[in-house]
Amino acid sequence: QVQLEESGGGLVQAGGSLRLSCAASGLAFNSYYWGWFRQAPGKEREFVGGMGWSSTSYADSVKGRFTFSRDNAKNTVYLQMNSLKPEDTAVYYCAARLGGNWNLPSDYRYWGQGTQVTVSS
């Protein structure tokens, strides 16, 4: 059974930082591309960015502020978020895909349950 478990969300003031983790089990971790999405109330799910074995992709809205990393020994991907803004407030999801496009949610096969990030002004 495949499981993706996010953690690390919370409440932070604008300008602060958070690091989200996504621990995966039940799949061949290194075979997948890993993406992060977010969804704010009343809005569609939005691509934040992602990483493969040797590639990364970032949404323009987070470039220079967010950084992805991975620990293959722990089957975990991370999203380091710096200089957070109130508009970054959303539920953040990690997801895994084998092929397709970075920014299409429908191309991702597995999803975590999401973790809430709230940035106060």
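Here we summarise the structure given alongside this text.

Cut-offs used in this document
- Counting restarts for each chain, with residues numbered from 1 along the sequence as it is written.
- Local features in a predicted model are, by the rule used here, given only for residues with pLDDT of at least 70; side-chain atom pairs are given and counted only at 80 or more, and totals for whole chains, interfaces and linings are based on all residues.
- Derived side-chain values reflect all non-hydrogen atoms in the structure, with water molecules and hydrogen atoms excluded from consideration.
- Here a strand pair is declared whenever DSSP counts at least two bridges between the two strands.
- Note on conventions: DSSP H or I runs of at least 4 residues are helices, E runs of at least 2 residues are strands, and numbering of each starts at the N terminus.
- Each residue's exposure class comes from its accessible area (1.4 Å probe, protein chains only) as a fraction of the maximum for that residue type: buried when under 20%, exposed when over 50%, partly exposed otherwise.
- In what follows, a disulfide is any cysteine sulfur pair within 2.5 Å.
- Axis angles are defined between N-to-C directions and span 0 to 180 degrees, where every axis is a line fitted to C-alpha atoms and, for a helix, only to the segment in contact.
- Throughout this description, the term nonpolar core refers to a set of buried Ala, Val, Leu, Ile, Met, Phe, Trp, Tyr and Cys residues connected via side-chain atoms within 4.5 Å.
- To pair, rings of Phe, Tyr and Trp, with the six-membered ring standing in for Trp, must have centres within 6.5 Å; the planes then decide the type, stacked if under 30 degrees apart, edge-to-face if over 60, and tilted in the middle.
- For a Lys NZ or an Arg CZ to count as sitting over a ring, it must be within 6 Å of the ring centre and within 35 degrees of the ring normal.

1. Points about the pairing of strand β3 (residues 18-25)
And step 1. Inspection of the sheet shows strand β1 (residues 3-7) paired to β3 by five bridges, in the antiparallel sense. In the sheet register, Glu-5 faces β3, and the bridge partner there is Ala-23.

2. Points about unusual backbone geometry
And step 1. Phi is positive for Asn-75, which is not a glycine, with a value near 50 degrees.
And step 2. The residue Asn-75 is located in the loop between β7 (66-71) and β8 (76-81) in this model.
And step 3. With phi around 50 degrees, Ser-83 is a residue other than glycine that occupies positive phi space.
And step 4. By secondary structure assignment, the location of Ser-83 is in the loop between β8 and β9 (90-97).
And step 5. Of the residues examined, Ser-83 reaches a relative accessible area of 41% and is grouped as partly exposed.

3. Quick word on the state of the cysteines
And step 1. The full count for this structure, using the stated rule, is one disulfide.
And step 2. One disulfide bridge connects Cys-22 with Cys-94, the sulfur atoms lying 2.0 Å from each other. Measuring the twist about the S-S bond at about 55 degrees, one finds the Cys-22-Cys-94 disulfide to be right-handed. Taken together, the residues Cys-22 in strand β3 and Cys-94 in strand β9 connect sequence positions 72 residues apart.
And step 3. Given the relative accessible area of 0%, Cys-94 is considered buried.

4. Some points on the sheet that holds β3
And step 1. Spatially, β1-β3-β8-β7 is the arrangement adopted by the four strands of the open sheet, whose pairing is antiparallel. A strand with exactly one partner marks an edge of an open sheet, and here the two such strands are β1 and β7. With direction set aside, neighbouring strand axes in the sheet form an average angle of 15 degrees.
And step 2. The sheet contact formed by β3 and β8 spans six bridges and is antiparallel. Its bridge partner lying in β8, Cys-22 is registered against Val-77.

5. Observations regarding the nonpolar core
And step 1. Trp-34, Trp-36, Leu-79, Met-81 and Tyr-92 are the most contacted members of the largest nonpolar core, which has 29 residues in total.
And step 2. Sorting the residues of this core by element identifies β3, β4 (33-39), β5 (46-51), β7, β8, β9 and β11 (115-120) as the ones contributing at least two each.
And step 3. Counting five residues, the second largest nonpolar core, distinct from the first, contains Phe-47, Ala-95, Trp-102 and Tyr-108.

6. A look at the packing of aromatic side chains
And step 1. Summed over all chains, the structure comprises ten aromatic pairs.
And step 2. Seen from their ring centres, Tyr-33 and Trp-102 are 5.5 Å apart, and the 90 degrees between their planes marks the pair as edge-to-face. Of this pair, Tyr-33 sits in strand β4 while Trp-102 sits in the loop between β9 and β10 (110-111), and the two are 69 residues apart along the sequence.
And step 3. Overall, Trp-102 belongs to the buried group, its relative accessible area being 19%.
And step 4. Here a set of aromatic residues connected by ring pairs shows up, and it is made of Phe-37, Phe-47, Tyr-93, Tyr-108 and Trp-111.
And step 5. A cation over an aromatic ring shows up here: Arg-19 above the ring of Tyr-78, its NZ or CZ 4.2 Å from the ring centre.
And step 6. Between the NZ or CZ atom of Arg-97 and the centre of the ring of Tyr-33, over which it lies, the distance is 4.4 Å.

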